[in-house]
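Here are the chains, one letter per residue:
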Amino acid sequence: ACEKSWQYEQAVAVFDTMQLHGVEPDIVTYSALICACGRSKQPERAFEFWEAMLRQGVAPNLIAFSALISACAKTKDPERALQVFEAMEEHGVQPDVIT
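K.L.:
Teacher, can you tell me more about the side chain of Thr29 here?
P.N.:
Mapped onto the elements, Thr29 comes out in helix α2 (residues 27–39). By relative accessible area, which is 15% here, Thr29 ends up buried.

Structural data, given as structure tokens:
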């Protein structure tokens, strides 16, 4: 819900609080964070959350990939967006018409 309001700082604060209380983030949590980063034009933070997600063994899905591609697009980084798009295939995720 935080990311829909484009409240990046609040989304990160909720994430940090979850971590403090031992709540393991899932794909929904990471997708929302990545989306919030993209909407706030902070792609590097989006990639940091992406890497943390992969390190924790959370498998990316179409929504997470689309959020990361969108973060790249919002900061006019088509080369990086294409790299993410190509990584979808490596993870066995099929793009849709939105991606």
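There is more to say after this.
K.L.:
How should I be thinking about the packing of aromatic side chains in this particular structure?
P.N.:
Ring pairs (aromatic) are described by centroid distance and by the angle formed between their planes. Taken as a whole and assessed by the stated rule, the structure comprises 3 aromatic pairs. Ring centres 5.3 Å apart and planes at 80° place the aromatic pair Phe15 and Phe49 in the edge-to-face group. Of the two residues, Phe15 sits in helix α1 (residues 8–20) while Phe49 sits in helix α3 (residues 43–55), which places them 34 residues apart along the sequence. Among the aromatic residues, those joined into a cluster by ring pairs are Phe15, Tyr30 and Phe49.

K.L.:
Before we go on, may I ask you to explain the confidence of the model for the chain in this structure?
P.N.:
For any part of a model where pLDDT is low, the fine detail of the predicted coordinates should not be relied upon. Confidence in the prediction for the chain averages 90 pLDDT; 94% of positions are at 70 or higher. Mean pLDDT per element in the chain: α1 is the minimum at 89, and α3 is the maximum at 96.

K.L.:
Would you take a moment to explain the packing of α1 against α2 for this structure?
P.N.:
Put simply, α1 and α2 touch, their axes get as near as 9 Å, and they point 150° apart. Between α1 and α2, the angle is such that the two are roughly antiparallel. Crossing of α1 over α2 shows left-handed handedness. Contacts from Tyr8, Ala11, Val12, Phe15 and Met18 in α1 reach Thr29, Tyr30, Leu33, Ala36 and Cys37 in α2. Split into classes, the residues belonging to the contact of α1 with α2 amount to 9 nonpolar, 1 polar and no charged.

Definitions and limits used
- Positions within a chain are numbered from 1, following the residues in the order the chain's sequence is written.
- With the structure being a predicted model, the display of local features is reserved for residues of pLDDT at least 70 and the display and counting of side-chain atom pairs for 80 or more, all residues being used for whole-chain, interface and lining totals.
- Only hydrogens and water are set aside; all other atoms, that is, all heavy atoms of the structure, feed into the side-chain values.
- Put simply, DSSP H or I for four residues or longer makes a helix, DSSP E for two residues or longer makes a strand, and each gets a number counted from the N terminus.
- Remark: exposure states derive from per-residue accessible area (1.4 Å probe, protein chains only) relative to the maximum for the residue type, with buried under 20%, exposed over 50%, and partly exposed in between.
- Any two of the Phe, Tyr and Trp rings considered here, Trp counted by its six-membered ring, make a pair once their centres fall within 6.5 Å; the pair's planes then place it as stacked at under 30 degrees, edge-to-face at over 60, or tilted in between.
- Each residue carries a pLDDT score, the predictor's own confidence in it, on a scale running from 0 to 100.
- Orientation is described by axes fitted as lines to C-alpha atoms, over the contacting stretch for helices, and by angles from 0 to 180 degrees between their N-to-C directions.
- Any angle that is under 35 degrees is reported as roughly parallel, and any over 145 degrees as roughly antiparallel; angles of 65 to 115 degrees are reported as roughly perpendicular and all others as oblique.
- Two helices crossing with the near one rotated counterclockwise from the far one by less than a right angle form a left-handed crossing, whereas a clockwise rotation gives a right-handed crossing.
- Any two residues whose heavy atoms approach within 4.5 Å are treated as being in contact.
- Residue polarity follows a fixed list, in which Ala, Val, Leu, Ile, Met, Phe, Trp, Tyr, Cys and Pro are nonpolar, Asp, Glu, Lys and Arg are charged, and the others, Gly among them, are polar.

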